[in-house]
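Structure assessment
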Amino acid sequence: MEITIIHGQGHKGSTYHITTMIKERLIDKKTKVHEYFMPKDAPGFCVGCFQCMEKGEEYCPQADKVQNIVESMLSSEIIIIDSPTYCLEMTGQLKTLFDHLGYMWLSHRPKEEMFSKTGIVLSTAAGIGANRVTKTIKKQMSWWGIPKIYRIHFNVNAASWKDVPEKIKGKITQKVNEVSENIEDDIGKDKFNIKIRLLFNIMRKMQQSNTWNMTDRSYWEEKNWLKTARPWR
Ligand SMILES: Cc1cc2nc3c(=O)[nH]c(=O)nc-3n(C[C@H](O)[C@H](O)[C@H](O)COP(=O)(O)O)c2cc1C
């Protein structure tokens, strides 16, 4: 099994610690882990050149860094993305990565591999906002077609992991155990998500009348998605 972990931060605080707890629960000696830290492994800001959307993702000026991460995600069964809560949102460096992945949204050229994956999203805040951050990260991953996404969010009442109260650490351990058990049950099984399938079908209708972006349209045609084929089993 392979797992990709994308940390929305470069430091090893509360968010990193919780992600590591879940990683330790899910991996064994055979697991290949691809781990990325933002901004060290992040591409630079999107410059709005539209090359990825209009010509192909390989034409992005930041393609090397972006595609390195995309390849890891495509070969992984599980994708974990975390971010501390900054001003009620995800970190800017993580959003920068997401901006580079718009070309593989359901509305453009979704990757069929995504339709069988499990996602995990984590965030911590001192007092407010972690729930909302996991929702927005989940939204990004849903638009890539991932059918099953777990959210773990905690308001930890602290600026660093060592100051997180024991009572909260206990609740975190409980949640990590619960999510890991569910994921162990999920692995290898088909995942049905009605919302993703409905959205795919709406986008399919849009692509059938697409006269504005031939790169997207040809992609859907090559996959035979405008006719009978679908990206899920
Ligand atoms: C720039 C910045 C913005 C923050 N914004 C919020 C916030 O909106 N709400 C909140 O409750 N905590 C906020 N915090 C606190 C962190 O979210 C919180 O301490 C979190 O657990 C840190 O995670 P980490 O240890 O993984 O860095 C902020 C911290 C920083 C540095």
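Computed from a predicted model, the values in this text were never measured in an experiment. (Residues numbered from 1 in each chain as written. Predicted model: local features only at pLDDT ≥ 70, side-chain atom pairs only at ≥ 80, totals over all residues. Heavy atoms only, no water.)

**Observations concerning the pairing of strand 3 (residues 78–84)**
- Within strand 3, 7 of the 7 residues are buried, which leaves it mostly tucked inside the rest of the structure.
- The alternating pattern of strand 3 places Ile78, Ile80, Asp82 and Pro84 and Ile79, Ile81 and Ser83 on opposite faces, both of which are buried.
- As paired strands, strand 1 (residues 2–7) and strand 3 are joined by 5 bridges and run parallel to one another. Bridge pairing in strand 3 places Ile5 opposite Ile80.
- Pairing of strand 3 with strand 4 (residues 118–125) involves 7 bridges; the strand directions are parallel. By the bridge assignment, Ser83 is partnered in strand 4 with Ser123.
- Taking the sense of rotation as the criterion, the β-α-β connection linking strand 3, helix 4 (residues 92–99) and strand 4 turns out right-handed. (Buried < 20%, exposed > 50% of the residue type's maximum accessible area, 1.4 Å probe, protein only. Helix = DSSP H or I, 4+ residues; strand = E, 2+ residues; numbered from the N terminus. Pairing = 2+ DSSP bridges. Right-handed = clockwise from strand over helix to strand, strands pointing away.)

**Some details on the sheet that holds strand 5 (residues 148–155)**
- Spatially, 5 strands are ordered 2-1-3-4-5 in an open sheet, and the strand pairing comes out parallel. With one partner strand each, in any of the chains shown, strand 2 (32–37) and strand 5 form the two edges of the open sheet. Direction aside, neighbouring strands of the sheet carry axes that sit 15° apart on average.
- Pairing of strand 4 with strand 5 involves 8 bridges; the strand directions are parallel. Within the sheet, the bridge partner assigned to Gly119 lies in strand 5 and is Ile149.
- The strands touched by helix 6 (residues 166–186) within the sheet are strand 3, strand 4 and strand 5, with strand 5 carrying the most contacts at an inclination of about 175°. (Axes fitted to C-alpha atoms, helices over the stretch in contact; angles between N-to-C directions. Contact = heavy atoms within 4.5 Å.)

**A look at the side chain of His7**
- Positionally, His7 belongs in strand 1.
- Side chain to side chain, His7 and Glu35 meet in a polar contact 2.7 Å long.
- Apart from the residues within four sequence positions on either side, His7 is in contact with Tyr16, Thr19, Glu35, Tyr36, Phe37, Met38 and Asp82. (Polar contact = N/O pair within 3.5 Å; in protein donor to acceptor, adjacent residues only side chain to side chain.)

**Concerning helix 1 (residues 14–26)**
- Look at helix 1: 19 Å from first C-alpha to last across 13 residues, which is about the 18 Å you get at 1.5 Å a residue.
- All of the buried residues along helix 1 are Ser14, Thr15, Tyr16, Ile18, Thr19, Thr20, Ile22, Lys23 and Leu26.
- If you follow the buried residues of helix 1, they end up packed against strand 1, strand 2, strand 3, strand 4, strand 5 and helix 6. (Expected span 1.5 Å × (residues − 1).)

**Digging into unusual backbone geometry**
- Cis rather than trans, the peptide bond between Met38 and Pro39 has omega equal to 10°.
- Tracing the sequence through the fold places Pro39 in the loop between strand 2 and helix 2 (51–54).
- The phi dihedral of Cys87 falls on the positive side, at around 50°, and the residue is not glycine.
- Turning to its location among the elements, Cys87 is positioned in the loop between strand 3 and helix 4.

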